[in-house]
Amino acid sequence: MSCELKAKDRAGVINPIFTCQPAGAQYVSIGIKDCIGIVHGGQGCVMFVRLLISQHLKESFEIASSSVHEDGAVFGALDRVEQAVDVLLMRYPHVKVIPIITTCSTEVIGDDVDGVVRKLNEELLQEKFPGREVYLIPIHTPSFVGSMVSGYDVAVRDFVKYFAKKTEPNGKLNVVTGWVNPGDVTALKHLLSEMQIDATVLFEIEDFDSPVMPSGNTVSHGNTTIEDLRGTANALGTIALNRYEGRKAADWLAEEFDIPTIIGPTPIGIRNTDTFLQNLKKLTGKPIPESLVRERGIAIDALTDLVHMFLADKRVAIYGNPDLVIGLAEFCLDLEMKPVLVLLGDDNAHYDTDPRITALQEKVDFDMEIVTNADLWDLEKRITQDGLKLDLILGHSKGRFTAIDNQIPMVRVGFPTYDRAGSYRHPVVGYAGAIWLAEQIANALFTDMEYKKNKEWLLNVW
Ligand code: SF4
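Residues numbered from 1 in each chain as written. Predicted model: local features only at pLDDT ≥ 70, side-chain atom pairs only at ≥ 80, totals over all residues. Heavy atoms only, no water.

So what exactly am I meant to see when it comes to the side chain of D184 here?
As for its position among the elements, D184 is in helix α9 (residues 182–194). Buried and unpaired, D184 has no salt bridge, with R425 as the nearest side chain of opposite charge at 12 Å. A polar side-chain atom of D184 sits 3.3 Å from the main-chain amide nitrogen of V429. The residues contacting D184, other than those within four sequence positions of it, are H426, P427, V428 and V429. (Helix = DSSP H or I, 4+ residues; strand = E, 2+ residues; numbered from the N terminus. Buried < 20%, exposed > 50% of the residue type's maximum accessible area, 1.4 Å probe, protein only. Lys, Arg positive; Asp, Glu negative; His and termini not counted. Salt bridge = Lys/Arg side-chain N within 4 Å of Asp/Glu carboxyl O. Polar contact = N/O pair within 3.5 Å; in protein donor to acceptor, adjacent residues only side chain to side chain. Contact = heavy atoms within 4.5 Å.)

Given below as structure tokens:
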């Protein structure tokens, strides 16, 4: 019985689990009100990412490209940034925040984006848009390092660093969500509201589950304001739910403004949600109300109905964003399942110092493999060549063919999920998330039992 932490055993990536750094910065920027990002690079760096985000959220939103071509790649493309800012400001009178998100090509050619931002502040904005409130924020996300996960982390820090301003204490709590769904934000805000905590949620993407209103507007926007970002410096504390998506901002706020900070845990499952609530209590002094104790009880009841009879000992493979995957692995253990394969796809050399991984290694009493910098071939190879037996796969839509081809039930969780209806609406965090996840898992197993005639009679007598 062992839990081995190992790196992918070959060079190159086959069927990546993640996309590149600028994608993370783009996901952050859509959470900010009156913000449209300009991705400085080839048009595909926006087009494919925007498509993925749109497919995932089933919504339309705006993001721009400086659309660098051959001449820019050879001679430099800063003129494209100047033109893009000009066009964006002319076309969108409401826009105030413009992150300039770099890509691999514009980092390699050495475009001085910080310099062009200084120039635009001194020239274009003064001359053509005098008096207009505009903030240009360089965000460096070369895609030859890290992944969309580190790009998310860098972008949250850069937005916070740019705006945070110490004035008077505001009595609010900073809650840095990490890469989550609109449904997760709703669930987190529910927990905060039950505890009567006034919080700045980074980032407010709830409206990406947007209604179609009589006005007919179908473009979605984030709702974290400039004032929210400024106020992060005056908070009574910060909780970053994820270690790899938002921690940089939390650490910076702690160092710069001496704000008490707690990192994690990602509140997936009962245990981690309990710790999250205890952490809220620690930072704010607010008690955990009876209403949440009741919600917890309902969740435990729902899980108890499933665990022993259907979930215990089921062998699971999990892949995706590391905080999500580790949270899911911890939840699976609580559900008496066996996460035998855990694939962490980020380009990250520090997983061996993650205390949650150490805890997993100490806890498991079966053979478990944690593969770092992994790809989807690591999943497929183990199933098709190494004879790995699985009862379930947890991951985003990019691994669907491995599940379909090998007839393994799969629950879609993580980004991007585009082949299941409404997944962005349902939380995986909090007690509500624990119920939703466990029931999704159980229903996937039930369908499999029926189609494979595998003890499907059990469902008659349950
Ligand atoms: S890898 Fe580079 S070229 Fe490709 S989408 Fe990402 S930033 Fe753009």
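What should I look at first to understand α9 in this one?
Owing to its 3.6 residues per turn, the α-helix aligns residues three or four sequence positions apart on the same side. Between its terminal C-alpha atoms α9 stretches 19 Å, which fits the 18 Å expected from 13 residues at 1.5 Å a residue. Turning to α9, its buried residues number three or more, namely P182, G183, D184, V185, A187, L188, L191 and L192. Tucked into the core, α9 has its buried residues touching α2 (44–57), β6 (173–176), β7 (199–202), α12 (269–284), α13 (290–304) and α19 (430–451). Positive backbone phi, approximately 55°, marks Q196, located one or two places after α9. (Expected span 1.5 Å × (residues − 1).)

How should I be thinking about unusual backbone geometry in this particular structure?
Leave glycine aside and you will find that most residues have negative phi; peptide bonds, for their part, are mostly trans. The residue after L202, namely F203, is reached through a cis peptide bond having omega 15°. With respect to the helices and strands, F203 occurs in the loop between β7 and α10 (226–231). Residue P265 is reached from G264 by a cis peptide bond, and omega for that bond is -5°. Within the chain, Q407 stands out as a residue other than glycine whose phi angle is a positive 50°.

Explain the sheet that holds β6 to me, please; I cannot follow it from the model alone.
Note on sheets: strands pair through backbone hydrogen bonds, and any given pair is parallel or antiparallel. Taken in spatial order, the four strands line up as β7-β6-β8-β9 in an open sheet, and their pairing is parallel. This sheet does not close on itself; its edge strands, each paired only once, are β7 and β9 (261–263). Within the sheet, the average angular offset between the axes of one strand and its neighbour, ignoring direction, is 15°. Both β6 and strand β8 (residues 237–240) contribute to a ladder of four bridges, which runs parallel. Paired with L173 across the strands is G237, a residue of β8. (Pairing = 2+ DSSP bridges. Axes fitted to C-alpha atoms, helices over the stretch in contact; angles between N-to-C directions.)

I'm lost on the pairing of strand β12 (residues 368–372) in this one. Help?
As a general feature of sheets, a regular strand has side chains that alternate between the two faces. With five of five residues buried, β12 lies mostly within the body of the structure. With burial as the criterion, each face of β12 is covered, one bearing M368, I370 and T372 and the other bearing E369 and V371. Pairing between strand β11 (residues 338–344) and β12: four bridges, direction parallel. Considered in β12, the bridge of L341 is made with E369. With helix α16 (residues 355–363) bridging β11 and its parallel neighbour β12, the resulting β-α-β unit is right-handed. (Right-handed = clockwise from strand over helix to strand, strands pointing away.)

Honestly, empty space enclosed by the protein in this entry has me stumped. Any pointers?
Remark: the empty space left among the atoms is shown by a probe the size of a water molecule rolled over them. Under the counting rule described, the total for this entry stands at three cavities of 30 Å³ or more. In this structure, the largest cavity is lined by 26 residues; those nearest its centre are W179, V180, D184, L324 and G414. Across the lining of the largest cavity, the residue classes tally to twelve nonpolar, ten polar and four charged. Per-domain counts for the lining of the largest cavity show at least three residues from each of domain 1 (3–14 + 297–461) and domain 3 (173–290). Taken together, I30, I32, K33, D34, C35, I36, F61, E62, F208, S220, H221 and G222 form the lining of the second largest cavity. When its residues are assigned to classes, the lining of the second largest cavity shows six nonpolar, three polar and three charged. Both domain 2 (21–154) and domain 3 (173–290) contribute no fewer than three residues apiece to the lining of the second largest cavity. (1 Å grid on protein atoms, 1.4 Å probe; cavity = no way out; pocket = protein on both sides within 12 Å on 5 of 7 lines; lining within 4 Å. Points joined across faces, edges and corners; volume = space filled by probe spheres on them. Nonpolar A, V, L, I, M, F, W, Y, C, P; charged D, E, K, R; others polar. Domains from an automatic or database assignment.)

Interpretation note: all reported values are geometric properties and have no functional meaning in isolation.
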